[in-house]
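# A structural walkthrough
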Amino acid sequence: MKIKENNEKLKYSQLFLIFVPAAVVLTVMRCIQIPTVIDTKTGFYTSRSFLVVLFFVLLFAACLSLALIPFLAKQSRYIWFKRYKSKSFSAATRLFALVMLLDGAWSLVTAYDTAQDTRIFGTVLRSMMVSGAIPQLFRGIFGLLAGIYFALLSGALKKPDGDVEKHKVLALMPVGWVGCRLLNLFVRRISFLRVSDLFLELCMCAFMTLFFMAFAQTANLIYSKDSRWRLAGFGLPAALIAVILNVSRLIFTIIDSEKYVTENYTFCVTDLAFVAFVVVLVLRMIKPKPLPEKENTESEIVS
């Protein structure tokens with residue numbers, strides 16, 4: 001069993017041999033694509049460039065590898081967040097909580113401003129329904145609740161006897177946040193202005209949803225033999241796409257190129273905080289803390 005566990009750790013560590021090079025190469029390719037083969041008005045590709053085909057082939061291969069390696073290395077092992085307690089994981093959770101709270105507050109303000117800008121018939125509620133601000137409103141609500149959950153989780157991770165499994169309903173709030181974000185992709189006024197960005201965001205949100213569902217299952221002690229591999233297998237592909245999208249947007253924002261950066265398609269700090277959270281979590285999965293003998297017995301491999 002010790003040999004199997006060491007082999008599992010080895011395979012999990014190989015994930016970053018794929019994640020880091022893929023993030024660097026694909027981000028560079030994306031930065032080349034934006035000013036050369038993407039129509040800045042529609043987001044469609046202007047030509048069937050080999051660079052476009054290569055980009056999506058590499059992206060598909062990287063995401064598939066990041067999902068398959070944990071799947072093939074999986075064991076029927078319970079996941080205990082007590083084993084992941086550390087200063088780094090607690091700090092990453094605290095950072096993610098803060099950014100989620102700010103994202104939720106920003107979403108609420110944006111929803112109200114959108115309704116005010118398109119105000120008709122004298123009512124904010126009717127304006128929000130017509131302007132598509134309703135998904136943004138619920139994104140703000142779920143974002144605030146998700147931020148509160150991760151703040152509570154961070155506090156529990158800092159305490160030696162902290163209970164990380166008691167906030168069962170709040171653990172589902174990140175799933176609602178991603179769901180509202182998906183809806184918002186289709187109702188915002190310029191949702192189809194950058195079609196290539198929209199496709200990548202849809203893929204990212206799909207992986208995020210699967211990751212947060214696995215995370216909620218783990219946090220709520222609803223154990224299954226798949227909980228361990230799904231945290232890495234869905235979290236890292238989502239993080240990879242988040243890096244590609246947001247780092248490329250950040251680069252064009254820094255060089256102040258308004259031609260390639262449009263409203264609602266600027267870089268998202270929340271996505272970058274999500275990347276940090278997932279990376280630290282997977283690193284803790286590679287080398288978790290040893291459990292006391294009693295708990296270690298309870299978390300042994302089950303048949």
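Please refer to the structure higher up on the page.
Residues numbered from 1 in each chain as written. Predicted model: local features only at pLDDT ≥ 70, side-chain atom pairs only at ≥ 80, totals over all residues. Heavy atoms only, no water.

### Let's talk about the pattern of salt bridges
Opposite charge on two side chains permits pairing when their charged atoms draw close. The final tally for this structure, using the stated rule, is three salt bridges. For Arg139, the salt bridge goes to Asp103, with nearest N and O atoms at 3.0 Å. With Arg139 in helix α6 (residues 134-158) and Asp103 in helix α4 (residues 87-117), this pair connects stretches of sequence that are 36 residues apart. Arg249 is the salt-bridge partner of Glu201, the closest N and O atoms lying 2.8 Å from each other. Of the two residues, Glu201 sits in helix α8 (residues 195-219) while Arg249 sits in helix α9 (residues 227-254), which places them 48 residues apart along the sequence. Arg249 matches Glu201 in its accessibility class, with the two residues each being buried. (Salt bridge = Lys/Arg side-chain N within 4 Å of Asp/Glu carboxyl O. Helix = DSSP H or I, 4+ residues; strand = E, 2+ residues; numbered from the N terminus. Buried < 20%, exposed > 50% of the residue type's maximum accessible area, 1.4 Å probe, protein only.)

### Topic: the packing of α9 against helix α10 (residues 269-286)
Closest axis-to-axis distance for the α9/α10 pair is 9 Å, and the angle between their directions is 145°. In terms of crossing hand, the pair formed by α9 and α10 is left-handed. The segment α9 lies against α10, with Arg228, Leu231, Ala232, Gly235, Leu236, Ala238, Ala239, Ala242, Val243 and Asn246 engaging Asp271, Leu272, Phe274, Val275, Val278, Leu281, Val282 and Met285. A breakdown of the residues in the contact of α9 with α10 according to their chemical character gives 14 nonpolar, two polar and two charged. (Axes fitted to C-alpha atoms, helices over the stretch in contact; angles between N-to-C directions. Left-handed = near helix turned anticlockwise from the far one by under 90°. Contact = heavy atoms within 4.5 Å. Nonpolar A, V, L, I, M, F, W, Y, C, P; charged D, E, K, R; others polar.)

### Re α9
Over its 28 residues, α9 extends 39 Å from the first C-alpha to the last, a length consistent with the 40 Å expected when each residue adds 1.5 Å. Taking burial as the measure, the 28 residues of α9 include 23 buried ones, the bulk of the element. (Expected span 1.5 Å × (residues − 1).)

### Quick look at the nonpolar core
Formed by 65 residues in total, the largest nonpolar core has its most connected members in Phe19, Leu59, Phe150, Phe211, Phe212, Phe215 and Leu240. Elements that contribute at least two residues to this core include exactly α2 (15-36), α3 (50-73), α4, α6, α7 (173-187), α8, α9 and α10. Among the nonpolar cores identified, the runner-up in size contains six residues, and Cys31, Ile34, Val37 and Ile38 belong to it. (Core = buried A, V, L, I, M, F, W, Y, C linked by side-chain atoms within 4.5 Å.)

### Some thoughts on the state of the cysteines
With the rule as written, the count across this model stands at zero disulfides. Not engaged in a disulfide, the cysteine Cys203 finds its nearest cysteine sulfur in Cys63; these two sulfurs lie 7.7 Å apart. Residue Cys203 is classed as partly exposed on the basis of its relative accessible area, which comes to 25%. (Disulfide = S-S within 2.5 Å.)

### Let's talk about the packing of α6 against α7
Between α6 and α7, the least distance of the axes is 8 Å, while the angle of their chain directions is 155°. Our classification of the angle between α6 and α7 gives roughly antiparallel. Our pair here, α6 against α7, has a crossing hand that is left-handed. Here Pro135, Gln136, Phe138, Arg139, Phe142, Gly143, Leu145, Ala146 and Phe150 of α6 come into contact with α7, specifically with Met173, Pro174, Gly176, Trp177, Cys180, Arg181, Leu183, Asn184 and Val187. (Parallel < 35°, antiparallel > 145°, perpendicular 65-115°, else oblique.)

### Section: the packing of aromatic side chains
One pass over the structure, following the stated rule, counts 20 aromatic pairs. Between Phe96 and Phe212, the aromatic rings sit 6.3 Å apart at their centres with planes inclined by 5°, giving stacked as the arrangement. Of this pair, Phe96 sits in helix α4 while Phe212 sits in helix α8, and the two are 116 residues apart along the sequence. The interplanar angle of 55° and the centroid separation of 5.4 Å between the aromatic rings of Trp229 and Phe234 together place this pair among those described as tilted. The buried category is assigned to Trp229, whose relative accessible area is 12%. Site record: aromatic cluster; members linked through ring pairs are Phe89, Phe96, Tyr149, Phe150, Phe211, Phe212, Phe215, Phe274 and Phe277. (Phe/Tyr/Trp six-rings, centres within 6.5 Å; stacked < 30°, edge-to-face > 60°.)

Shape is all these values report; function is a separate question.
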